[in-house]
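# Tertiary structure, described
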Amino acid sequence: MSRTIWSVWMALLTIGLAIVLTLPILRMGAEPGGLFAVKHLRVSRDLHHVEASSVRDAVADLLTPGFLLVDLAAIRERVMALPHVGDVRVRRVYPGRIDIEITESEVVARLEDGKLLAGDGREIAADTVQIEPDVPVVVATPEDREAVLDFHRWAQAELAGLGLDIVRLDLGGGGSLELTLSDQVRVRVGIGGEAVWKPRWQRFVLSYEELRLKAGQRPIAQIDLRYTNGMAVGWIGDSSGPALAARRP
């Protein structure tokens, strides 16, 4: 038994001495120009909103431990905190390079206060990024934004054959959804979530081209889908209010 304990202690002592002797060597080698220093930091190309120089500045102090001891998780966390960063992958590439691959956040909506909303839910200052003109305005609480955006993606695809875009989605305090189209027509979808919104929207898409043809030169102001089997249409300049214009069984 004593011989076994002695063997264990000798093994632990050997490991400890190896660590004590190796760490100074690694630290010395990690110094600029040293054998174990990070010789190159590569940041992914084709970035539109994230500056590579900002990434390098953000992680510079994390590279000092050297290539073998650098904390990749800490680098990832530091880069993830930068604006417009959606995801980050960090890896060592021997003999002395650190690669940082960045996926930028996609801007999915404009908010009413002028900020932008990224796909990961983070808010972005509007003056820091250029966005596509078809990004819609979304008015909803942070808790409701995901549901509204999910419906937007589906509803926009349903509009493909009509040559229209959804430019605004407004979810009122009572949960009633109203959409504005690129032809400035407002569409009241109502309450109930996707289970109610989707069949109403499909009914609208099937009827809208016919409504526009019947309207002729009379511009449509709004369409109310909050009916069991029909919709009401309001015309610009008509003070009498929306009229029930289409019924479907």
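Residue numbers restart at each chain and count upward from 1, following the sequence in its written direction. Whole-chain, interface and lining totals are the exception, using all residues; otherwise, since this is a predicted model, local features are given only for residues with pLDDT of at least 70 and side-chain atom pairs are given and counted only at 80 or more. Hydrogens and waters are ignored; side-chain quantities use all the structure's heavy atoms.

Moving on, we come to the sheet that holds strand β2 (residues 85-93). Strand order in the open sheet formed by three strands is β1-β3-β2, and the pairing between neighbours is mixed. Among the strands making up the open sheet, the edge pair consists of β1 (40-43) and β2. Direction aside, the axes of adjacent strands within the sheet are offset by 15° on average. Direction of pairing for β2 relative to strand β3 (residues 97-104): antiparallel, over a ladder of eight bridges. What sits directly across from V88, in β3, is I102. The strands that helix α2 (residues 52-59) touches are β1 and β3; relative to β1, the one it contacts most, it runs at about 135°. Here a residue-residue contact requires only that any non-hydrogen atoms of the pair lie within 4.5 Å. Only the stretch in contact is used when fitting a helix axis, every axis being a line fitted to C-alpha atoms; angles between N-to-C directions are given from 0 to 180 degrees. Numbering of helices and strands starts at the N terminus; helices are DSSP runs of H or I of at least 4 residues and strands are runs of E of at least 2. Here helix α3 (residues 72-80) sits on the sheet in contact with β2 and β3, set at roughly 155° to β2. Two strands qualify as a pair provided that DSSP identifies no fewer than 2 bridges between them.

Before going further, it helps to spend a moment on the nonpolar core. Across soluble globular proteins, nonpolar side chains have a tendency to be buried as a group. In terms of nonpolar packing, the biggest core is built from 36 residues, with L159, L181, W201, F204, Y208, I220 and I223 touching the most fellow members. Elements that contribute at least two residues to this core include exactly β4 (107-111), α4 (145-158), β8 (166-171), β9 (177-181), β10 (186-190), α5 (194-215), β11 (220-224) and β12 (230-235). Here this core takes seven residues from α5, the largest share from any one element. If we ignore the near neighbours within four places in the chain, the residues touching L181 are L159, L164, D165, I166, V167, V187, W201, F204 and Y208. As used in this record, nonpolar core signifies buried Ala, Val, Leu, Ile, Met, Phe, Trp, Tyr and Cys residues forming a set joined through side-chain atoms within 4.5 Å. Burial here depends on accessible area, computed with a 1.4 Å probe over protein chains only, as a share of the maximum for the residue type. Under 20% is buried, over 50% is exposed, and the range in between is partly exposed.

Residues at a pLDDT of 70 or more form 79% of the protein chain, whose mean pLDDT is 82. Mean pLDDT across the elements of the protein chain bottoms out in strand β13 (residues 243-247) (49) and peaks in β9 (96). For every residue, the predictor reports its confidence as pLDDT, a number between 0 and 100.

Turning our attention to the packing of aromatic side chains. Think of it this way: a Phe, Tyr or Trp ring, Trp meaning its six-membered ring, pairs with another when their centres are within 6.5 Å, and the plane angle makes it stacked under 30 degrees, edge-to-face over 60, tilted otherwise. Evaluated as defined, the whole model comprises six aromatic pairs. A ring pair is formed by F151 and W197, whose centres lie 5.3 Å apart and whose planes are at 65°; its orientation type is edge-to-face. Here W197 lies in helix α5 and F151 lies in helix α4, a separation of 46 residues in the sequence. When the centroid spacing of 6.3 Å and the interplanar angle of 75° are considered together, the rings of F151 and W201 count as edge-to-face. Of the two residues, F151 sits in helix α4 while W201 sits in helix α5, which places them 50 residues apart along the sequence. By the ring-pair criterion, three or more aromatic residues cluster together here, those being F151, W154, W197, W201, F204 and Y208.

Once that is clear, we can look at the environment of G114. With respect to the helices, strands and loops of the structure, G114 is situated in the loop between β4 and β5 (116-118). Since its relative accessible area comes to 40%, G114 is described here as partly exposed. It is 9.4 Å that separates the C-alpha atoms of G114 and I124, two residues lying 10 residues apart in sequence.

This paragraph deals with the pattern of salt bridges. The term salt bridge refers to a pairing of a side-chain nitrogen on Lys or Arg with a carboxyl oxygen on Asp or Glu at a separation within 4 Å. Within this structure, the stated rule accounts for 17 salt bridges. The shortest N-O distance in the salt bridge between E123 and R145 comes to 3.2 Å. Taken together, the residues span a long stretch of sequence, with E123 in strand β6 (residues 123-124) and R145 in helix α4 at a distance of 22 residues. E123 sits in the partly exposed class, given a relative accessible area of 38%. Across the pair E210 and K214 runs a salt bridge whose closest N-O atoms are separated by 3.1 Å. Taken together, the residues E210 and K214, both in helix α5 and four residues apart, mark about one turn of the helix. Among the residues examined, K214 registers a relative accessible area of 63% and is labelled exposed. A single salt-bridge network, built from bridges that share partners, covers R42, R91, R97, D99 and E101.

Here we take up α2. Within α2 the residues assigned to the buried category are V55, A58 and V59. The arc that holds the buried residues of α2, viewed along the axis, is 80°, so those residues lie on one side. Considering only its buried residues, α2 is in contact with β1, α3 and β3. Of all possible arcs, the one meant is that of the directions from the helix axis to the C-beta atoms.

Let's shift gears to the side chain of S44. On the secondary structure map, S44 appears in the loop between β1 and α2. Residue S44 is classed as buried on the basis of its relative accessible area, which comes to 8%. At 3.0 Å, the side chain of S44 forms a polar contact with the backbone nitrogen of I102. Excluding its chain neighbours within four sequence positions, the residues that come into contact with S44 are I100, E101 and I102. What qualifies as a polar contact is a pair of N or O atoms within 3.5 Å, subject to a donor-acceptor requirement within protein and to the restriction that residues adjacent in sequence count only when both atoms come from side chains.

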